[in-house]
Amino acid sequence: MSTSQQSQTSSSTSSSSENVISNILKQGSERGVMYVSAGFVIGGLASIVLARGGGAGGARKAITAFGAGLGTGAAWTSCSIDIEEAVKNMK
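Each chain carries its own residue numbering, running from 1 in the direction its sequence is written. It should be noted that, the model being predicted, local features are given only for residues of pLDDT at least 70 and side-chain atom pairs only at 80 or more, the latter also being counted only at that level, while totals for whole chains, interfaces and linings use all residues. As a rule here, side-chain values come from all non-hydrogen atoms in the structure, and water together with hydrogens is ignored.

A few points about the overall build of the chain
Short version of the rule: Runs of H or I in DSSP of at least four residues are treated as helices and runs of E of at least two as strands, each being numbered from the N terminus. Here the term buried applies to any residue with accessible area under 20% of the maximum for its type, exposed to any over 50%, and partly exposed to those in between, with areas from a 1.4 Å probe on protein chains only. We call two residues in contact when some of their heavy atoms are within 4.5 Å. The accessible surface values rely on the Shrake-Rupley method and a 1.4 Å probe; as for residues, cover is taken only from the protein chains in view.
In terms of helices and strands, the chain carries two helices and zero strands. In the chain, which comprises 91 residues, the proportion classed as buried is 20%. Taking contacts inside the chain between residues at least 6 apart in sequence as the whole, the part at least 24 apart equals 67%. When the accessible area of the chain is evaluated, it comes to approximately 6500 Å², of which 63% is carbon and sulfur surface.

As for helix H2 (residues 57-90)
We apply this condition: One less than the residue count of a helix, multiplied by 1.5 Å, gives the span that helix is expected to have.
Given a rise of 1.5 Å per residue, 34 residues ought to cover 50 Å, and the 50 Å separating the end C-alpha atoms of H2 matches this to within 8%. Where H2 is concerned, the buried positions are Thr64, Gly67, Ala68, Gly71, Ala75, Ser78, Cys79 and Ala86.

Remarks on the environment of Val36
Relative to the helices and strands, Val36 is located in helix H1 (residues 3-50). Taking the relative accessible area as the measure of exposure, Val36 reaches 29% and is therefore partly exposed. Distance in space between the C-alpha atoms of Val36 and Gly71 is 4.3 Å, their sequence separation being 35 residues. What Val36 contacts, discounting residues up to four positions off in sequence, is Ala68, Gly71 and Thr72.

Some remarks on the side chain of Arg31
Inclusion rule: Here a polar contact is taken to be a pair of N or O atoms separated by no more than 3.5 Å, where protein atoms must pair a possible hydrogen donor with a possible acceptor and residues adjacent in sequence count only if both atoms sit in side chains.
The topology assignment puts Arg31 in helix H1. Among the polar contacts listed, one links the side chain of Arg31 to the side chain of Asp82, at a separation of 3.1 Å. Ignoring anything within four residues of it in the chain, the contact list for Arg31 reads Ala75, Ser78, Cys79 and Asp82.

Remarks on the pattern of salt bridges
Our working definition: Within this document, salt bridges are pairs made up of a side-chain nitrogen of Lys or Arg and a carboxyl oxygen of Asp or Glu, the two lying within 4 Å of each other.
Within the structure shown, the criterion is met by one salt bridge. Across the pair Asp82 and Arg31 runs a salt bridge whose closest N-O atoms are separated by 3.1 Å. Taken as a pair, Asp82 in helix H2 and Arg31 in helix H1 lie far apart in primary sequence, 51 residues in all. We classify Asp82 as partly exposed; its relative accessible area is 24%.

Next up, the structure:
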């Protein structure tokens, strides 16, 4: 194989691996928006149920933020696992 063919082969390999990671990150960001939104909504509903009363505004905010944080963590973990699996498969 000539040098130009080797560089084209290695270029296409790195290009395809870059595309794989790029696609995983794209899916992860889409999933992240969905998970954070769901966590925000579920946290908001839970805060209405758990923090009843007029003076519980701070508790409601905290519970809602906790739900959004859970969604963020779930999306981050899922994307991280997908990237690790893709890197293992590339080797």
